[in-house]
Amino acid sequence: VLGRGDPRAIASALDRALVSRAGRSTDGSPAARAAGLALETRGLVRVERLAEFVGVSRRQLERAFQQEIGLTPKQLLRVARFQQTLNALRQSRTGWADLAVSLGYYDQAHFVNDFRHFTGQPPGAWQIDDQSLTAVFSTGRRSAD
């Protein structure tokens, strides 16, 4: 059903559904509540903290995520943090090292690795025109692993 149509519209609909489901702080499943925290923190929380937040073990949370969301908690955290990368790129022209630090990356190499993973290019080769997370993922070039 979702395989047809405009990739941007599909990704937007999936994003809205995930955020809506994750926003149910007490009524949702552990995976949905943990996803909500992951998105609220823009990916800057550890998987262990997500599991603690919802009162399950890390392994239980990973299984619930796979079953309900189709990603691992770590994959969702990476996607959320990369979304912040794209937002930051659209809003300012800061240097790559400063951007990496402001987004909570441990070091610039970690930032570059994530950037290459999601876009297939190093940061310096990437054009910041109308790119969005939707556009990056709709090309089918990269997965969230």
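Position numbers for residues start from 1 in each chain and track the written sequence from start to end. In view of the model being predicted, local features appear only for residues whose pLDDT reaches at least 70, and side-chain atom pairs are presented and counted only at 80 or more, with totals across whole chains, interfaces and linings using the full set of residues. Values reported for side chains reflect all heavy atoms of the structure, with hydrogen atoms and water molecules removed beforehand.

**Some words on helix α3 (residues 47–54)**
Thinking step 1. The buried label applies to any residue whose accessible area, calculated with a 1.4 Å probe on protein chains only, is under 20% of its type's maximum; exposed applies above 50%, and partly exposed to all values in between. Only runs of H or I of at least four residues qualify as helices and only runs of E of at least two qualify as strands under DSSP, and these elements are numbered from the N terminus. Taken together, the buried positions of α3 are occupied by V47, L50, A51 and V54. Burial along α3 is one-sided: seen end-on, the buried residues are contained in an arc of 95°.
Thinking step 2. Packed against the buried residues of α3 are α2 (30–40), α4 (58–68) and α5 (73–91).
Thinking step 3. Where α3 ends, the next residue or the one after it, G55, has phi of about 80°, a positive value. Regarding the arc, it is the one traced by the directions from the helix axis to the C-beta atoms. Throughout, a contact is declared for two residues whenever any of their heavy atoms are within 4.5 Å.

**What about the pattern of salt bridges?**
Thinking step 1. Salt bridges are defined as contacts in which a side-chain nitrogen from Lys or Arg sits within 4 Å of a carboxyl oxygen from Asp or Glu. By the definition in use, this model includes six salt bridges.
Thinking step 2. Ionic pairing is found between E48 and R58, a salt bridge with its closest N-O pair at 2.3 Å. With E48 in helix α3 and R58 in helix α4, this residue pair connects regions lying 10 residues apart in the sequence.
Thinking step 3. D114 serves as the salt-bridge partner of R78, at 2.6 Å between the closest nitrogen and oxygen. Of the two residues, R78 sits in helix α5 while D114 sits in helix α7 (residues 108–119), which places them 36 residues apart along the sequence.
Thinking step 4. The buried category is assigned to R78, whose relative accessible area is 17%.

**Observations regarding unusual backbone geometry**
Thinking step 1. In this model, R42 sits at a positive phi of 55°, which is unusual for a non-glycine residue.
Thinking step 2. Along the chain, the position of R42 falls in the loop between α2 and α3.
Thinking step 3. By relative accessible area, R42 is classed as partly exposed at 48%.

**Side note on the environment of V54**
Thinking step 1. By the element assignment, V54 lies in helix α3.
Thinking step 2. Note: C-alpha distance between V54 and L37 (17 residues apart in sequence) is 9.6 Å.
Thinking step 3. In contact with V54, other than residues within four places in its own chain, are P30, R33, A34 and L61.

**With respect to the packing of aromatic side chains**
Thinking step 1. Note on aromatic pairs: the rings of Phe, Tyr and Trp (six-membered ring only in Trp) are paired at centre separations within 6.5 Å, and the planes decide the class, stacked below 30 degrees, edge-to-face beyond 60, tilted for the rest. Inspection of every chain in the model, using the stated rule, returns six aromatic pairs.
Thinking step 2. Ring geometry for F82 and F115: centres 5.5 Å apart, planes at 70°, overall edge-to-face. In this pair, F82 is assigned in helix α5 and F115 in helix α7, connecting sequence segments 33 residues apart.
Thinking step 3. Given the relative accessible area of 1%, F82 is considered buried.
Thinking step 4. We classify F115 as buried; its relative accessible area is 0%.
Thinking step 5. On the basis of an interplanar angle of 70° and a centroid distance of 5.6 Å, the ring pair of W96 and F115 is categorised as edge-to-face. Of this pair, W96 sits in helix α6 (residues 96–102) while F115 sits in helix α7; the two residues are 19 residues apart in sequence, bridging distant segments of the chain.
Thinking step 6. An aromatic cluster is present here, built from F82, W96, Y105, F111, F115 and F118 joined pairwise through their rings.

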